[in-house]
Every structure is written in structure tokens, then in C-alpha cells.
Amino acid sequence: MSESNLKQRLLGLQGNLLNFAYQLTSNRDAAQDLVQDTTLKVLDNEEKYVDNVNFKGWVFTIMRNIFINRYRHQVRCATVVDTTEDLYHLNLSQESGLDTPEGSFAAREITEAINGFSDEYRVPFSMYIAGYKYSEIAEKISLPLGTVKSRIFFARKRLQSMLKDYR
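Basis of the calculations
- Residues numbered from 1 in each chain as written.
- Predicted model: local features only at pLDDT ≥ 70, side-chain atom pairs only at ≥ 80, totals over all residues.
- Heavy atoms only, no water.
- Salt bridge = Lys/Arg side-chain N within 4 Å of Asp/Glu carboxyl O.
- Helix = DSSP H or I, 4+ residues; strand = E, 2+ residues; numbered from the N terminus.
- Buried < 20%, exposed > 50% of the residue type's maximum accessible area, 1.4 Å probe, protein only.
- Contact = heavy atoms within 4.5 Å.
- Polar contact = N/O pair within 3.5 Å; in protein donor to acceptor, adjacent residues only side chain to side chain.
- Axes fitted to C-alpha atoms, helices over the stretch in contact; angles between N-to-C directions.
- Parallel < 35°, antiparallel > 145°, perpendicular 65-115°, else oblique.
- Left-handed = near helix turned anticlockwise from the far one by under 90°.
- Nonpolar A, V, L, I, M, F, W, Y, C, P; charged D, E, K, R; others polar.
- Core = buried A, V, L, I, M, F, W, Y, C linked by side-chain atoms within 4.5 Å.
- Phe/Tyr/Trp six-rings, centres within 6.5 Å; stacked < 30°, edge-to-face > 60°.

Evaluated as defined, the whole model comprises three salt bridges. Note that Arg 70 is salt-bridged to Asp 37, the shortest N-O span being 1.7 Å. Linking Arg 70 in helix H4 (residues 55-77) with Asp 37 in helix H3 (residues 28-44), this pair joins segments that are 33 residues apart in sequence. With a closest N to O distance of 2.5 Å, Arg 122 and Asp 119 form a salt bridge. Here Arg 122 pairs with Asp 119, and both are found in helix H6 (residues 119-129), just three residues apart, close to one helical turn. The buried category is assigned to Arg 122, whose relative accessible area is 12%. Asp 119 sits in the partly exposed class, given a relative accessible area of 48%.

Before going further, it helps to spend a moment on the environment of Tyr 121. Considering the arrangement of structural elements, one finds Tyr 121 in helix H6. C-alpha of Tyr 121 to C-alpha of Phe 153: the two residues are 32 residues apart in sequence and 9.3 Å apart in space. Dropping the residues within four chain positions of it, Tyr 121 is found in contact with Arg 151, Phe 154 and Ala 155.

In this fold, Ser 150 is placed in helix H8 (residues 145-162). C-alpha of Ser 150 to C-alpha of Tyr 121: the two residues are 29 residues apart in sequence and 9.4 Å apart in space. A distance of 3.0 Å separates a polar side-chain atom of Ser 150 from the backbone oxygen of Thr 147.

Moving on, we get to unusual backbone geometry. Of note in this structure, Ser 26 is not a glycine but carries a positive phi near 60 degrees. Among the secondary structure elements, Ser 26 is positioned in the loop between helix H2 (14-25) and H3. Its identity is not glycine, yet Ser 142 carries a phi of approximately 55 degrees, on the positive side. Considering the arrangement of structural elements, one finds Ser 142 in the loop between helix H7 (134-141) and H8.

Now for the side chain of Asn 45. Mapped onto the elements of the fold, Asn 45 is located in the loop between H3 and H4. Polar side-chain contacts of Asn 45 include one of 2.8 Å to the backbone oxygen of Lys 41.

Here we come to the packing of H6 against H7. One way to put it is that H6 packs onto H7 with a least axis distance of 10 Å and a crossing angle of 140 degrees. The orientation of H6 relative to H7 falls into the category oblique. In the crossing of H6 with H7, the sense of the turn from one axis to the other is right-handed. Between H6, through Val 123, Pro 124, Met 127 and Tyr 128, and H7, the contact on the second element is made entirely by Tyr 134, Ile 137, Lys 140 and Ile 141. Across the contact of H6 with H7, the residue classes tally to seven nonpolar, no polar and one charged.

A word on the nonpolar core. In terms of nonpolar packing, the biggest core is built from 17 residues, with Leu 17, Val 42, Phe 55, Trp 58 and Val 59 touching the most fellow members. Contributions of two or more residues to this core are made by helix H1 (3-12), H2, H3 and H4. With seven residues, H4 is the largest single contributor of residues to this core. Excluding its chain neighbours within four sequence positions, the residues that come into contact with Trp 58 are Val 42, Asn 45, Glu 46 and Tyr 49. Counting twelve residues, the second-largest nonpolar core is a separate cluster that includes Ile 137, Ala 138, Ala 155 and Leu 159.

The subject of this paragraph is the packing of aromatic side chains. Two measures describe an aromatic ring pair: the distance that separates the ring centres and the angle between the ring planes. Applying the stated criterion across every chain, the model contains seven aromatic pairs. With centroids separated by 5.1 Å and ring planes inclined at 45 degrees, the aromatic side chains of Tyr 49 and Trp 58 adopt a geometry described as tilted. Taken individually, Tyr 49 and Trp 58 each receive the classification buried, so the pair is uniform in this respect. Consider the rings of Tyr 128 and Tyr 134, whose centres lie 5.3 Å apart with planes at 15 degrees: the pair is stacked. You can call Tyr 128 partly exposed: its relative accessible area is 30%. By way of ring pairs, the aromatic residues Tyr 49, Phe 55 and Trp 58 are connected into one cluster.

Such coordinate-based values are descriptive only and should not be taken to indicate function.
Following this line, the structure appears as C-alpha cells:
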């Protein structure tokens, strides 16, 4: 695809991109920023586009990935990481939902349940809750990626069965 043809098609998608960005962000300014970042990323990576691929789908996938990466970054930045030796505190974001007595009670029970896990399940699960990616957890605790994923899966299932009354 020629450079001018790509730019024309990209300009034709701006309205659709803004609508999709607004659905993702629910904020007009954030949506406009997302459209701008998506447009720049598409232009920076135009050599990676293959002619027989759905252009609109490619551009929307780029936008969705940018949004997801921003969201993950915001979650990670808003998380208070427990640096105590025994990981007593559940790693909660700044807006923990503990404003109500019910929320405080539920969080305390969840924390107690997680602290009841053995270290091999509690540590990776707590890191996962804190917003770390599987690969980051595997690197930090020197375990294979598959082992980390399975431990988090089993910890989540165990927690669900322990707290099934909260559903």
C-alpha cells in the first residue's frame, strides 16, 4: 500500500476511531488523546501493514492495545505494594472500596484467606493482584512461566471456593 493511500484510509477512519475511543474511555479528552496516539502508532508502523490484511481491523486492534496498556500502567501506578517481609497486607489499589463496613469486612476475609495459602501460592497470587504480569512474576521468583500461571490459577480457584458465599 502506498504511503498516501494509507494516510487517506487512516483519515477516513478518524470518526470511527473517535467513537470507539470514546466507548473505551468514556471521556472526550481521553478519547481524543487515544485517537492521536493510535494515529501516530499506525504511521510509525506503516511498514508492518500487509496489503491483504483488514486495515480497519488492524488500526482498531492498535487502539485497543494502546488502551489496555495504558489501563495496566495506571493500575500498576495506583497500587500500593506491600513490602513487609510476610506480605501481611493485601496489595490494594488506592481506591480499595473499604469505605463501607461491608467492604472492610470482605477485604479482611479475603486477606485472611490469601494469607492462609502456602508461600508457593500466596506470593505469585499477591503479585498478580498487585498488577504484575505473569512474565514479571516468573522472573522475580525464578520460576517457569507455566508454573506461575498454574499456581495463580489454583490459588484463584481455591479462593473462589473458600469465599463462595460472596457471589
